[in-house]
Amino acid sequence: MVKRNENIAKLQAGYLFPEIGRRKKALLEKEPDAKLISLGIGNTTEALSTHIVEGLHKEVTRLGTSEGYTGYDDDAQAQAFLDKLKTRISNNWYNGIISPEEIIVSDGSKPDCGRLFFLFGNNVSVAVQDPAYPVYVDGSVMIGATGNYNSDTEEFDGIEYMRCTEENDFFPDLSKVKRTDLIYICSPNNPTGAVATKKELKELVDFARKNRSIIIFDAAYSEFIREKGLPRSIFEIEGARECAIEVSSLSKPAGFTGVRLGWTIVPKELKFDDGQSVGKDWQRVVGTLFNGSSNIAQWGAIAALSETGLSEIKETVNYYMENAKIIKNGLDGLGIKTFGGVNSPYIWAAFPGKKSWDVFEDILTKAHVVTTPGAGFGKAGEGFVRFSAFGKTSDIKEAVKRLQENLK
Ligand SMILES: Cc1ncc(COP(=O)(O)O)c(CN[C@@H](CCC[C@H](N)C(=O)O)C(=O)O)c1O
């Protein structure tokens with residue numbers, strides 16, 4: 001019989017988001033007529049914009065012709081299309097501060113995080129924000145880069161948890177953080193909705209350069225930043241090219257959660273301690289283990305990153321951010337302290353002294369509204385619940401009305 005991977009055996013619970021699904025299902029089994037409204041999983045709900053649909057159609061039609069058909073991205077025409085997309089990302093997303101050669105197009109940020117675990121292997125130390133998107137911890141455990149689960153601390157040994165609390169504006173106090181090889185940072189942050197300032201990111205870059213660490217910067221929500229002066233990319237920070245990788249995606253701004261298109265940025269200056277290029281190894285890992293993003297999704301992305309596409313993306317983001325305002329105002333009106341929701345689609349609501357899974361259950365059973373319990377993102381998430389603004393505005397308003405009737 002085959003031995004189980006002992007690293008996967010270290011995980012204590014299932015992946016957070018399917019657990020939310022299981023609890024929803026359990027409620028519906030008890031109350032089949034319940035009209036649940038989901039403010040839980042950050043899953044987009046708005047239809048793809050016109051220009052993006054045209055881009056997708058164009059590629060599907062092209063694939064139906066012998067002269068236009070492309071397969072793997074080894075052939076010249078497929079390469080040309082990929083280069084066109086990379087140039088769009090470079091110019092229209094990064095205003096040219098990143099060159100097309102430093103961009104590797106993928107099927108999304110979560111799978112990129114997964115492949116990055118492969119790149120760095122298990123002989124690395126890892127720092128993560130607490131609370132954080134569960135993939136950073138679970139993936140580090142799976143690859144063997146952590147110790148066992150410690151039932152006293154209720155965390156994994158060997159991980160440096162960087163507490164993000166109201167006291168430090170939900171950004172790590174680096175004077176209390178030990179040196180690690182990798183530092184996972186997400187801004188705008190999932191789940192707190194906090195957005196790192198230029199000053200905070202500059203301190204982070206200086207900290208990483210001093211410690212010869214590599215920052216894995218998750219910019220999945222960068223398009224939700226609407227306040228001037230807040231950095232959308234780690235590469236707006238001087239010195240970041242020597243110490244950071246950025247993952248990003250069209251999932252949330254363009255509704256590509258199902259279409260699947262993301263990218264990683266590995267600057268050519270980024271080196272391992274032996275002077276070897278990180279980007280070169282990354283190209284080797286991706287080239288060996290991944291067969292590229294869908295050509296159809298690539299053409300959807302080319303359209304999304306055109307002038308017209310970008311203005312349509314802005315409209316979609318504004319739609320969700322109006323939802324965020326409704327949720328935030330609704331919760332504030334109930335005297336519930338909230339954070340985030342201004343430059344991010346997530347509202348982080350404080351329920352001091354309560355267990356977040358209990359609050360989750362309470363809101364689910366009483367208001368038939370689905371949320372995400374803060375404890376699912378880490379120990380510092382306990383006592384908080386995350387509300388997601390991804391939804392139809394009519395549902396958001398109905399959900400808030402139910403909360404006002406049931407949480408007062
Ligand atoms: C910080 C961050 N980085 C990457 C992603 C996923 O991006 P991708 O779509 O792979 O380009 C997400 C998506 N997180 C959502 C969807 C979760 C549920 C989805 N099944 C998943 O597991 O990603 C959420 O927190 O509700 C994210 O928050």
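Owing to the predicted nature of the structure, the values given are computational and were not obtained by experimental measurement.

Novice: Explain the nonpolar core here, please?
Specialist: In globular proteins that are soluble, nonpolar side chains generally tend to be buried together. Residues I234, L250 and F387 are the most contacted members of the largest nonpolar core, which totals 75 residues. Per element, the largest residue contribution to this core is 8 residues, and it comes from helix α11 (residues 307-333). The residue makeup of this core includes at least three contributed by each of domain 1 (8-47 + 309-406) and domain 2 (53-307). Setting aside residues no more than four positions away along its own chain, I234 makes contact with L201, L204, V205, F217, A240, A244 and E246. With 49 residues, the next largest nonpolar core counts L116, V135, F339 and F384 among its residues.

Novice: Looking at this model, I keep getting lost on the domain arrangement of the protein chain. Mind explaining?
Specialist: The parts lose accessible area when they come together, and the size of an interface is often stated as this lost area. You can read the domains of the protein chain as domain 1 (8-47 + 309-406) and domain 2 (53-307). Here the C-alpha centre of domain 2 lies 25 Å away from the C-alpha centre of domain 1. On the side of domain 2, 49 residues touch domain 1, which itself brings 38 residues to the contact. Regarding the contact of domain 1 and domain 2, the summed buried area is about 3500 Å², with carbon and sulfur atoms giving 60% of it. Along the contact surface separating domain 1 from domain 2 lie 1 salt bridge.

Novice: I tried to follow the sheet that holds strand β15 (residues 384-388) on my own but got confused; where do I start?
Specialist: Whether parallel or antiparallel, the strands of a sheet pair through hydrogen bonds between backbone atoms. With respect to topology, 4 strands assemble into an open sheet ordered β11-β12-β15-β14, the strand pairing being antiparallel. For this open sheet the edge positions go to β11 (338-340) and β14 (372-373), each flanked by a neighbour on one side alone. For strand β12 (residues 346-350) and β15, the ladder comprises 5 bridges, and the chain directions are antiparallel. Counterpart to Y346 in the pairing with β15 is S388.

What counts, and where the lines are drawn
- Once a new chain begins, its residue numbering starts again from 1 and follows that chain's sequence as written.
- Given that the model is predicted, a residue must reach a pLDDT of at least 70 before its local features are reported, and side-chain atom pairs must reach 80 or more before they are shown or counted; all residues, however, enter totals for whole chains, interfaces and linings.
- Heavy atoms throughout the structure, all of them, feed into the side-chain values; hydrogens and water do not.
- We define the nonpolar core as a collection of buried residues of types Ala, Val, Leu, Ile, Met, Phe, Trp, Tyr and Cys that are connected through side-chain atoms lying within 4.5 Å of one another.
- Only protein chains enter the area calculation, which uses a 1.4 Å probe; residues under 20% of their type maximum are buried, those over 50% are exposed, and those in between are partly exposed.
- Helix numbering and strand numbering both begin at the N terminus, where a helix is a DSSP run of H or I of at least 4 residues and a strand a DSSP run of E of at least 2.
- The split of the chain into domains comes from an automatic or database domain assignment.
- Any pair of residues with heavy atoms lying within 4.5 Å of one another is described as a contacting pair.
- Buried area is understood as the total, over both parts, of accessible area removed when two parts are fitted together, assessed with a 1.4 Å probe.
- Basic side-chain nitrogens of Lys or Arg form a salt bridge, by our definition, when they fall within 4 Å of a carboxyl oxygen of Asp or Glu.
- Pairing between two strands requires that DSSP report at least two bridges joining them.

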